[in-house]
Amino acid sequence: MFNIDGDCKTQTERLPACRLGLAKNPYVTYDLNNVVSHRVWHGDVLMADCVVVNGIRVEDEHGVGTPNWFRVHLTDVPGGTAWLPAVRTHDDPGLPVCST
């Protein structure tokens, strides 16, 4: 994962202000009620297997947005998966669209 915020990119500590929450469900409003306990920081490696292209639209602080979400696998959350908003990401190589 890469964080666009300059101060966060250069941090060696995992500051709370620089973390990103992953969603439980890409079709529900992205807020505290829809975030798993696992957090990610700049430089974390996430394993994604597919993407949804019609989820809830999320925008970054510059107004760039997308309805796309990557399904990522985690060992420390119920069900073993969570959803990474595709804002500020690159799908290269491309992933298949999730079947569910």
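Thresholds applied
- Residues numbered from 1 in each chain as written.
- Predicted model: local features only at pLDDT ≥ 70, side-chain atom pairs only at ≥ 80, totals over all residues.
- Heavy atoms only, no water.
- Helix = DSSP H or I, 4+ residues; strand = E, 2+ residues; numbered from the N terminus.
- Contact = heavy atoms within 4.5 Å.
- Core = buried A, V, L, I, M, F, W, Y, C linked by side-chain atoms within 4.5 Å.
- Buried < 20%, exposed > 50% of the residue type's maximum accessible area, 1.4 Å probe, protein only.
- Pairing = 2+ DSSP bridges.
- Polar contact = N/O pair within 3.5 Å; in protein donor to acceptor, adjacent residues only side chain to side chain.

Trainee: Got a sec to walk through the overall build of the protein chain? Specific residues and values, please.
Mentor: Helices and strands together make up the secondary structure of the protein chain, namely 1 helix and 7 strands. Along its sequence from the N terminus, the protein chain presents helices and strands in the succession α-β-β-β-β-β-β-β. Dimensions of the protein chain, computed from the C-alpha atoms along their principal axes, are close to 35 × 30 × 30 Å. Across the protein chain, every contact between residues at least 6 apart in sequence was considered, and the portion connecting residues at least 24 apart equals 46%.

Trainee: Can you tell me about the nonpolar core, naming the residues and giving the values?
Mentor: One finds Leu22, Val36, Val40, Val51, Phe70, Val72, Leu74, Val77, Ala82, Leu84 and Ala86 forming the largest nonpolar core, which totals 11 residues. Among the secondary structure elements, those contributing two or more residues to this core are strand S2 (35-40), strand S6 (69-73) and strand S7 (81-85). Excluding residues that lie within four positions of it along the chain, Val51 makes contacts with Asn68, Trp69, Phe70, Leu95, Pro96, Val97 and Cys98. Among the nonpolar cores identified, the runner-up in size contains 8 residues, and Cys50, Val52, Val58 and Val87 belong to it.

Trainee: Pulling in residues and values, what's your account of the pairing of S6?
Mentor: Across the 5 residues of S6, 4 count as buried, placing the element largely inside the fold. Summarising the sheet, strand S3 (residues 47-52) and S6 pair through 5 bridges and their orientation is antiparallel. In the strand pairing of S6, Cys50 is matched with Arg71.

Trainee: Go over the side chain of Thr66, please, and point to the residues and values.
Mentor: Within the secondary structure, Thr66 sits in strand S5 (residues 65-66). A polar side-chain atom of Thr66 sits 3.1 Å from the main-chain amide nitrogen of Asn68. Excluding residues within four positions of it along the chain, Thr66 makes contact with Ile56, Arg57, Val58, Ala86 and Val87.

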